[in-house]
Amino acid sequence: MIQRILIANRGEIAVRVIRTCREMGIETVAVYSTADKDNLHVKLADQAVCIGPPPSAKSYLVKENLIMAALRTGCQAIHPGVGFLSENADFARAVQKEGLIFIGPDPDVIDLLGDKVQARNTAKKYGLPITPGTEGAVSDPAAAIAAAEKLGFPVIIKAAAGGGGKGMRIVRSAAELPENLTIASREALANFADGTVFIERYLENPRHVELQIIADGKGTVLVLGERDCSVQKRHQKLIEESPSPGVDESMRNRMAEGAVRMFRELKYRGAGTIEFLVSGKDFYFMEVNARVQVEHPVSEFVTGVDIIRQQILACTEGKLEIEPSSVRLNGWSIECRINALTPGKVSRLEVPGGPGVRFDSFLYNGCTVPPHYDSMVAKLIVHGPTRERALARMNRALQELVIEGIKTNASQQRWIINHEKFRSGQFGTAYYGEIEKEVEHVH
Ligand code: MV4
């Protein structure tokens, strides 16, 4: 067993990883920018190293400084958390080159999955349904029109190096295609240093459903159920739940079967997510996220598995403590992300508690939320025997939560979950946009 891990991240996810490491008897080294010197992850870690000024491009994204900090403090591994360098294959390679363990899949696997065209073709090869689309890159306008007419409008142009919604264009007619192709490709080049784009048939208001995977890198693949992440504001997830109200046992099994084949063949190692679009009875592979995700706690609640623990074991020991056949899905879990609408000092904090409630956060009474990073400050997660009971519990927990000194979206979250559309479970990715006007009037 390794003795010490450097956590190349900040805030809530760094705190989450530190907690599991301590339970495993693994020492932790936190890193922090000067804006984060009093952050909770710095206080909870065994040691902390300052890695630069507030802008993440000069601190949390500087690969050499992170690796240097790990070497100087005698770490054997680096956990990248979420965001920042968590899916950066060059970082993973540089970590390995120094003899350190990167807590994630192989750099070549990260590269393959990071290319959405290659990921689609890989998924197809292993029998997963993919959205009807071009087999590879599209650059010529005439060829694009021909392909789109074959697929049928509307279509969506996506960046091969993209993901998470950046650089996408929805196109409803052939006339609009050439200009959008140019814009999409230019945006992709500017954002991802790669202008390659491809085209898919556009599905209106699908659900976003993803499976939680943990694999040992030797062919054993655990599927910890699915999550529904359809409630999103401009590609920012707001609410996640497990199971998905739109997935039945048959669909869950078909998704899992394809996912297991794909992850086994890739010799995938650690935690990962396979994303699907769900439209009625049909599902389509979308992409793989080669990291642990923010919303992993809802899967922890329904399976009872500590995902970070299994991820660390997979990547450092090449083994898991759980048999694929022993995974059971229990009850219903919902997560509300709590985002800061303003930075500042938290003058009062009352944390919800009681049965089936979990609060993952870097907040403490008197802490400061700096303006430089992601606005998410906490995740409120509940578990109950049914969706209805979980919803009642989330309402109760949101009522108990008090955050003063900064503005948050907590009261907006209550509005979103109490809407008839959400309560009925009949919603897709368009849901938030449909109620946005109402939500923005909530204070
Ligand atoms: C789509 C789609 C409809 N049809 N692809 C958005 C994020 C990126 N990973 C892919 N996305 C979408 N791809 C086809 N062929 C709709 C979306 C989409 C979406 C997906 C998941 C969650 C929220 C979304 C909001 C708008 C669009």
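Here, every reference points to the structure presented above.
Residues numbered from 1 in each chain as written. Predicted model: local features only at pLDDT ≥ 70, side-chain atom pairs only at ≥ 80, totals over all residues. Heavy atoms only, no water.

(A) Representation of the overall build of the protein chain within the structure. Summing up its helical and strand segments, the protein chain has 15 helices and 20 strands in all. Scaling as 2.2 N^0.38, a compact globule of 443 residues should have a C-alpha radius of gyration of about 22 Å, and the protein chain matches this with 21 Å. If you line up the protein chain on its principal axes, its C-alpha atoms span 60 × 50 × 45 Å. Sorting the 443 residues of the protein chain into buried and exposed places 57% on the buried side. Considering only residue pairs separated by 6 or more positions, the protein chain has 66% of its internal contacts joining residues 24 or more positions apart. Of the roughly 18,000 Å² that the protein chain leaves accessible, carbon and sulfur atoms contribute 48%. Side-chain charges of the protein chain comprise 54 positive and 54 negative groups, with the mean position of each set lying 2 Å from the other. (Helix = DSSP H or I, 4+ residues; strand = E, 2+ residues; numbered from the N terminus. Rg over C-alpha atoms; globule rule 2.2 N^0.38 Å. Buried < 20%, exposed > 50% of the residue type's maximum accessible area, 1.4 Å probe, protein only. Contact = heavy atoms within 4.5 Å. Areas by Shrake-Rupley, 256 points an atom, 1.4 Å probe, with all protein chains shown as cover. Lys, Arg positive; Asp, Glu negative; His and termini not counted. Charge placed at Lys NZ, Arg CZ, Asp CG, Glu CD.)

(B) Highlighting the sheet that holds strand S10 (residues 221-233). Ordered by their spatial adjacency, eight strands build an open sheet running S13-S12-S9-S10-S11-S14-S19-S17, and the pairing between neighbours is antiparallel. Sheet topology places strand S13 (282-289) and strand S17 (357-361) at the edges, where each strand pairs with a single neighbour. Across the sheet, the axes of successive neighbouring strands diverge by a mean angle of 25°, strand direction being ignored. Looking at chain direction, strand S14 (residues 332-339) and strand S19 (residues 376-384) are connected through eight bridges and run antiparallel. From the neighbouring strand, Asn-339 faces S19, where its bridge partner is Met-376. Across the sheet, helix H13 (residues 410-418) is in contact with S10, strand S11 (236-242) and S14; its angle to S11 comes to roughly 55°. (Pairing = 2+ DSSP bridges. Axes fitted to C-alpha atoms, helices over the stretch in contact; angles between N-to-C directions.)

(C) Up close: the site of the ligand. Taken together, 17 residues lie around the ligand, and Lys-158, Glu-200, Arg-201, Leu-203 and Glu-287 are the ones closest in. Taking Arg-201, its main chain carries an N or O atom lying 2.8 Å from a nitrogen atom of the ligand. Surface burial for the ligand is 91%, taken as the share of its 520 Å² of free accessible area covered by protein chains. Contributing elements (two or more residues each) for the shell around the ligand: strand S6 (155-159), strand S8 (197-201) and S13. Class assignment of the residues belonging to the shell around the ligand gives a composition of six nonpolar, seven polar and four charged. (Near = heavy atom within 4 Å. Polar contact = N/O pair within 3.5 Å; in protein donor to acceptor, adjacent residues only side chain to side chain. Nonpolar A, V, L, I, M, F, W, Y, C, P; charged D, E, K, R; others polar.)

(D) Examining the packing of aromatic side chains more closely. This structure, assessed with the given rule, holds eight aromatic pairs. Measuring from ring centre to ring centre gives 5.2 Å for Tyr-60 and Phe-84, while their planes differ by 20°; the resulting arrangement is stacked. Of this pair, Tyr-60 sits in the loop between strand S3 (47-52) and helix H3 (63-72) while Phe-84 sits in the loop between strand S4 (77-79) and helix H4 (89-97); the two residues are 24 residues apart in sequence, bridging distant segments of the chain. On the basis of relative accessible area, Tyr-60 is assigned to the buried category, the value being 0%. (Phe/Tyr/Trp six-rings, centres within 6.5 Å; stacked < 30°, edge-to-face > 60°.)

(E) Main features of the environment of Val-357. Residue position: Val-357 is located in strand S17. Residue Val-357 is classed as buried on the basis of its relative accessible area of 16%. When neighbours within four sequence positions are excluded, Val-357 is seen to be in contact with Phe-301, Pro-352, Leu-380, Ile-381, Val-382, Arg-393, Arg-396 and Ala-397.

(F) Structural context of the packing of helix H12 (residues 387-400) against H13. Here H12 crosses H13 at 160°, and the two axes come no closer than 10 Å. When the axis of H12 is compared with that of H13, the two are roughly antiparallel. Here the hand of the crossing between H12 and H13 comes out left-handed. Contacts between H12 and H13 involve Leu-391, Met-394, Asn-395, Leu-398 and Gln-399 on the former and, on the latter, Ala-410, Gln-413, Arg-414, Ile-417 and Asn-418. A breakdown of the residues in the contact of H12 with H13 according to their chemical character gives five nonpolar, four polar and one charged. (Parallel < 35°, antiparallel > 145°, perpendicular 65-115°, else oblique. Left-handed = near helix turned anticlockwise from the far one by under 90°.)

(G) Quick look at the pattern of salt bridges. Summed over the entire model, instances satisfying the criterion amount to 36 salt bridges. Here Glu-210 makes a salt bridge to Arg-227, at a shortest N to O gap of 2.9 Å. On the criterion of sequence distance, the pair formed by Glu-210 in strand S9 (residues 207-216) and Arg-227 in strand S10 is long-range, its members being 17 residues apart. Summarising the burial analysis for this pair, Glu-210 and Arg-227 share the class buried. Through salt bridges that share partners, Glu-210, Arg-227, Lys-237, Glu-240, Glu-295 and Arg-337 make up one connected network. (Salt bridge = Lys/Arg side-chain N within 4 Å of Asp/Glu carboxyl O.)

(H) Region of interest: the layout of surface pockets. In this structure, the second largest pocket encloses a volume near 380 Å³. In this structure, the second largest pocket is lined by 22 residues; those nearest its centre are Val-223, Gly-225, Arg-252, Asn-253 and Leu-329. Those elements that provide at least two residues to the lining of the second largest pocket are S10 and helix H9 (249-265). Broken down by element, the residue count for the lining of the second largest pocket peaks at six residues, all from H9. (1 Å grid on protein atoms, 1.4 Å probe; cavity = no way out; pocket = protein on both sides within 12 Å on 5 of 7 lines; lining within 4 Å. Points joined across faces, edges and corners; volume = space filled by probe spheres on them.)

(I) Structural view of unusual backbone geometry. Cis geometry is found at the peptide bond from Phe-153 to Pro-154, where omega equals -5°. Among the secondary structure elements, Pro-154 is positioned in the loop between helix H7 (141-151) and S6. Of note, the amide linkage connecting Ser-242 to Pro-243 takes the cis form, showing an omega dihedral of 0°. Following the sequence through the fold, Pro-243 ends up in the loop between S11 and H9. Phi at Phe-84 is positive, roughly 35°, even though this residue is not glycine. We note that Ala-193 has phi near 55°; this positive angle belongs to a residue other than glycine. Within the fold, Ala-193 resides in the loop between helix H8 (177-192) and S8.

(J) Examining the sheet that holds S8 more closely. What the three strands build is an open sheet, ordered S7-S6-S8; its pairing is antiparallel. Of all the strands in the sheet, the pair left with one neighbour each is strand S7 (169-171) and S8. The sheet shows a mean angle of 25° between the axes of neighbouring strands, taken without regard to direction. Summarising the sheet, S6 and S7 pair through three bridges and their orientation is antiparallel. Bridging across to S7, Ile-157 finds its partner in Arg-169. Of the strands in this sheet, S6 and S8 touch H7, which is tilted by about 20° from S8. Packed onto the sheet, H8 meets S6, S7 and S8 and runs at close to 25° relative to S6.

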